[in-house]
Amino acid sequence: MYLMLGFYCERNFVPAAVHLLVLSSRCILVKLASLNELAVQGRLWQKTAVIVADEDRSLITMTTEISTSINIKEPRWDQGTFMGRAKHFFTVTDPRNVLLTNEQLENAHKVISDYRQGVMSPGLTEDELWRAKYIFDSAFHPDTGEKMILIGRMSAQVPMNMTITGCMMTFYKTTPAVVLWQWINQSFNAIVNYTNRSGDAPLSVNQLGTAYVSATTGAVATALGLNALTKHISPLVGRLVPFAAVAAANCINIPLMRQRELKHGIPITDENDNRLGESTTAAKQAISQVVVSRILMASPGMAIPPFLMNTLEKKAFLKKFPWMSAPIQVVLVGFCLVFATPLCCALFPQKSSMSVSRLEPELQEKIRVSHPGVERVYFNKGL
């Protein structure tokens, strides 16, 4: 029996013990190798840490120093392409800019003003410089440098327009409602058009008052006329009346609010920003481009929601909760405007241009005498 037990142990337990011993030794070897490797790595890391510690200041200086030759007069992205202009305007029209405090705006103003004079704030990075530039651009007029009225800034376009347009498209069936919301809309547009005008010459109070009254009266009359013509047609077409009225009103409101530019011209410069004079021809091109942009900007928010609302109002939900119609329209319009506003602003370059040969004859002659090499002039078209 003992022989059998010994044989059993020899055949089973001993090999098992040997096997375990081999496995354990392998684990120990692996662990020793790992520890050795970690020790080597530890020494390497210690050496690296010493090198980094020795060169710490110089490395930080290299990463935080920015060039003094960054052209912050121009946008960060190439304005010769639609994509570059779209990126620029997505940043400028960002609705979050409306929430910036006066302290943040003044700080951005100081950073940009200092940089233009060759003075840089301590620790300023390139990204922080560009962020300051876009905060500056969103709140300060490019020609006059004055702080713009809050609701007139392009960053206020989405929250203001989504509210006004949503209500205008909900309450369009009665004459008092049409008059009220068209008046509110055109009053808002008048503020935006004045705030984003081109040039640095101020409008007098009389000119501003005349332009405002003419623009709002023309817009309201247009809306009422179109509303009267569509009373006996399908509700869907009736829903599109506010868009037609806004499109027609933009053709009236923008030129009237910028009539001084049409009479006296807007500043034109060469490619180095040297002022060459004022041109009414450039003003006409600038205002035409803005009118087209504004009409197309309003198109998605005023053309798509009517089709959706025409379907939704037949559903049980809106029949049960009719008061939800206005909030739903506001949200739909807002969603469209988030994309339409920057993309339509990007249709034409902010710094527009034209050939000298297209300017007024007397201005052409003046430029050829004073700046004979200039073939193209540039101007801020406004928004």
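The structure under discussion appears in the preceding block.
Throughout this document, residue positions are counted from 1 along each chain, in the order its sequence is written. Only residues with pLDDT of 70 or above have their local features reported here, since the model is predicted, and side-chain atom pairs are shown and tallied only from 80 upward, although totals for entire chains, interfaces and linings are computed over all residues. Just so you know, side-chain values use all the structure's heavy atoms and leave hydrogens and water out.

**Examining the overall build of the protein**
For clarity, the threshold we go by: Segments assigned H or I by DSSP are reported as helices when at least four residues long, segments assigned E as strands when at least two residues long, and all are numbered from the N terminus. Burial classes: relative accessible area under 20% of the type maximum marks a residue as buried, over 50% as exposed, and values in between as partly exposed (1.4 Å probe, protein chains only). Throughout, a contact is declared for two residues whenever any of their heavy atoms are within 4.5 Å. Here the open area of atoms and residues is found with the Shrake-Rupley method and a 1.4 Å probe, where only the protein chains shown may cover a residue.
Each helix and strand counted, the protein has 14 helices and four strands in total. Out of the 383 residues in the protein, the part that is buried amounts to 40%. The long-range fraction of contacts in the protein, counting pairs at least 24 apart against all pairs at least 6 apart in sequence, stands at 75%. Summed over all atoms, the accessible surface of the protein reaches about 21500 Å², with 65% contributed by carbon and sulfur.

**Comments concerning the packing of helix H9 (residues 241–257) against helix H11 (residues 280–312)**
Basically, it comes down to this: The convention used is that axes are lines fitted to C-alpha atoms, helices contributing only their stretch in contact, and that angles between N-to-C directions extend from 0 to 180 degrees. By definition in this entry, angles of less than 35 degrees are roughly parallel, angles greater than 145 are roughly antiparallel, angles of 65 to 115 are roughly perpendicular, and the rest are oblique. Note on convention: near helix rotated counterclockwise from far helix by under a right angle means a left-handed crossing. Clockwise means right-handed. Under the grouping applied here, Gly and all other residues not named as nonpolar or charged are polar, the nonpolar ones being Ala, Val, Leu, Ile, Met, Phe, Trp, Tyr, Cys and Pro and the charged ones Asp, Glu, Lys and Arg.
The interhelical angle for the contact between H9 and H11, taken along N-to-C directions, is 160°, at an axis separation of 10 Å. By the angle between their axes, H9 is roughly antiparallel relative to H11. Crossing of H9 against H11: the hand is right-handed. When H9 is examined against H11, the residues Pro242, Phe243, Val246, Ala247, Asn250, Cys251, Ile254 and Pro255 are found in contact with a partner set consisting of Ile287, Val290, Val291, Arg294, Ile295, Ala298, Ser299 and Met302. Of the residues contributing to the contact of H9 with H11, the split by class is 13 nonpolar, two polar and one charged.

**Quick word on the layout of surface pockets**
Using the following cut-off: With a 1 Å grid laid over protein atoms only, a set of points is called a cavity when a 1.4 Å probe fits there but cannot get out and a pocket when it is open yet has protein on both sides within 12 Å along at least five of seven lines; lining residues have an atom within 4 Å of a point. Grid points are joined across faces, edges and corners, and a volume is the space filled by probe spheres set on the points.
Approximately 1000 Å³ is the volume attributed to the largest pocket. Taken together, 37 residues line the largest pocket, and the ones lying closest to its centre are Lys73, Pro142, Asp143, Gln350 and Asn380. Those elements that place two or more of their residues in the lining of the largest pocket are helix H2 (82–92), helix H4 (126–139), strand E1 (266–269) and strand E4 (376–380). At four residues, the largest contribution of residues to the lining of the largest pocket is made by H4.

**Focus: empty space enclosed by the protein**
Here the structure, examined in full by the defined rule, presents two cavities of 30 Å³ or more. Empty space within the largest cavity amounts to approximately 180 Å³. Lining the largest cavity are 15 residues, with Asn161, Asn189, Val246, Arg294 and Ala298 positioned closest to its centre. Elements represented by at least two residues in the lining of the largest cavity include exactly helix H5 (157–170), helix H6 (175–195), H9, H11 and helix H13 (325–345). Residue composition of the lining of the largest cavity, by class: seven nonpolar, seven polar and one charged.

**Focus on the pairing of E1**
Which entries qualify depends on this criterion: Paired strands, as defined in this entry, are two strands with at least two bridges between them according to DSSP.
Where E1 meets strand E2 (residues 275–279), four bridges bridge the pair, whose relative direction is antiparallel. Counted as the bridge partner of Pro267 is Glu278 from E2. The loop that links E1 with its antiparallel partner E2 comprises five residues; one of these, Asp273, has a positive phi angle of about 70°.

**Notes on the environment of Ile268**
Along the chain, the position of Ile268 falls in strand E1. Note on Ile268: relative accessible area 0%, which makes it buried. In this structure the C-alpha to C-alpha distance between Ile268 and Arg376, which are 108 residues apart in sequence, comes to 9.9 Å. Those residues in contact with Ile268, other than ones at most four positions away along the chain, are Asn274, Arg275, Leu276, Gly277, Ser279, Ala282, Leu359, Leu363, Ile367, Val377, Tyr378 and Phe379.

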